[in-house]
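The primary structure of each chain is shown beneath.
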Amino acid sequence: MSSAGTLVRPTPSATRRITGVGLATASGLAVAVQSRINGELGVRLADGIAAAVISFGGGLLVLLVLVPATPRGRRGLAALRGALAARTLRPWQCLGGVCGAFLVATQGLTIGTLGVAVFTVAVVAGQSGSSLAVDRAGIGPTGRQPLTARRLAGAGLTVVAVVLAVGDRIGDPDALALALLPLLAGVGIAWQQAVNGRVGRAAGSALTATLVNFTVGTVALLVVFAVDVAVRGRPAGALPTEPWLYLGGLIGIVFIAIAAAIVRFTGVLLLGLATIAGQVIGAVALDLVLPTAASQPGPTTLLGAALALLAVLVAATR
């Protein structure tokens, strides 16, 4: 307690912050892979919303089995009900899955046209500024975070890094207009990470927070999909037979669980920057290892990936 009698939140240790940054970067790598998977699934089905329903719904089925089967998961569900009843957790703080659903939907709707690189630029542009605002407003479990020069520099460097990495691919006005969807999804990611962190803290379980996220997101996607089918009809494409195209939901579980677990150590901005660094590195690696007709990573792409890592280090240091 401070001399004024107000509660002072303990500062996370350097070890926890460094571990959190490492885990967030790894989850960003996974998001790049998820984007490629869901984008390809959307192309195969000729319906990005259907691809999102399959991705989110698959993850939800796994969680519905996993969470009740573990003692920690059952305790988390009980603690979550108690927090909602005591109003220490508000119902609106459980709606982060809507933003996650929108992100996955934009993967299926836009990556087939934009590619992973331009998609990543748009998400980063929205996520960086939104993370600063969410931290400043104190929406996350760490409370209000100051807008220090290092945090502002880290956010700015990350945007520059991603633009460098894919700058030679942004020249199509139609693609830039379509990029508004992942831009809005990036804005939502920061809010999603903040409220999921609050749910995880209230439940004492990141896996329980992940289940809440996937439940809300799947319900939202099913409503949108029902409207889409009523207006446009069923998806034109057939379900693909390759098993790897159905792994997007599992990757989403890992990403959401890691974010919910570590956001209280890193804050929303640092979590977002580390995730972005992983996304950039993952996008470059995918272009090198599994190239497409449009992927030709050159020196500026590699420089952008290195600068993204530097941005995280700048923001992480105190």
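Sequence order as written defines the numbering, with residues in each chain counted from 1. Whole-chain, interface and lining totals are the exception, using all residues; otherwise, since this is a predicted model, local features are given only for residues with pLDDT of at least 70 and side-chain atom pairs are given and counted only at 80 or more. To obtain the side-chain values, all non-hydrogen atoms of the structure were used and water was disregarded.

## Re the overall build of the chain
And step 1. When its secondary structure is counted, the chain shows 10 helices and zero strands.
And step 2. What you see in the chain, going N to C, is helices and strands ordered as α-α-α-α-α-α-α-α-α-α.
And step 3. Of the contacts formed within the chain by residues at least 6 apart in sequence, a portion of 85% connects residues at least 24 apart.
And step 4. Calculation of accessible area relied on Shrake-Rupley with a 1.4 Å probe; when residues are assessed, cover is drawn exclusively from the protein chains displayed. A total accessible area of about 13,900 Å² is found for the chain, and carbon and sulfur atoms account for 70% of it. Think of it this way: any DSSP run of H or I at least four residues long counts as a helix, any run of E at least two long counts as a strand, and we number them from the N terminus. The contact definition used throughout considers only heavy atoms, calling two residues in contact when any of these lie within 4.5 Å.

## Re the packing of helix H2 (residues 48-69) against helix H9 (residues 248-289)
And step 1. Under this scheme, a helix contributes an axis fitted over its contacting stretch, all axes are lines through C-alpha atoms, and angles between N-to-C directions fall in the 0 to 180 degree range. Between H2 and H9, the least distance of the axes is 7 Å, while the angle of their chain directions is 65°. Considering the relative orientation of H2 and H9, their crossing is right-handed. Here H2 contributes Ser55, Gly59, Val62 and Leu63 to the contact with H9, which in turn contributes Gly248, Gly249, Leu250 and Ile253.
And step 2. Of the residues in the contact of H2 with H9, the class split is four nonpolar, four polar and no charged. Rotating anticlockwise by less than a right angle from the far helix to the near helix defines a left-handed crossing, while the corresponding clockwise rotation defines a right-handed one. In this classification, the charged set is Asp, Glu, Lys and Arg, the nonpolar set is Ala, Val, Leu, Ile, Met, Phe, Trp, Tyr, Cys and Pro, and all remaining amino acids, among them Gly, are polar.

## A closer look at the packing of aromatic side chains
Each aromatic ring pair is specified by the distance between its two centres and by the angle formed by the two planes.
And step 1. Note on aromatic pairs: the rings of Phe, Tyr and Trp (six-membered ring only in Trp) are paired at centre separations within 6.5 Å, and the planes decide the class, stacked below 30 degrees, edge-to-face beyond 60, tilted for the rest. A complete count under the given rule lists two aromatic pairs for this structure.
And step 2. Centroid distance Trp92 to Trp191: 6.3 Å. Interplanar angle 25°. Geometry classified as stacked. Of this pair, Trp92 sits in the loop between helix H3 (71-86) and helix H4 (96-137) while Trp191 is found in helix H7 (residues 180-203), placing the two residues 99 residues apart along the sequence.

## Let's talk about the confidence of the model for the chain
And step 1. As a per-residue quantity, pLDDT reports the predictor's confidence and falls between 0 and 100. This prediction gives the chain a mean pLDDT of 82; 88% of its residues lie at or above 70.
And step 2. Below a pLDDT of 50 lies the segment residues 1-8, which in the model reaches three contacts outside its immediate sequence neighbourhood of four places, other chains included.

## Side note on the packing of H3 against helix H8 (residues 206-232)
And step 1. Between H3 and H8, whose axes approach to 8 Å, the crossing angle comes to 65°. Comparing the axis directions of H3 and H8 gives the class roughly perpendicular. Helix-helix and strand crossings are classified by hand; for H3 and H8 the assignment is right-handed. Facing H3, whose interface residues are Gly73, Gly76, Leu77 and Leu80, H8 presents Thr208, Leu211 and Val212. Each angle gets one of four labels, with under 35 degrees taken as roughly parallel, over 145 as roughly antiparallel, 65 to 115 as roughly perpendicular, and the rest as oblique.

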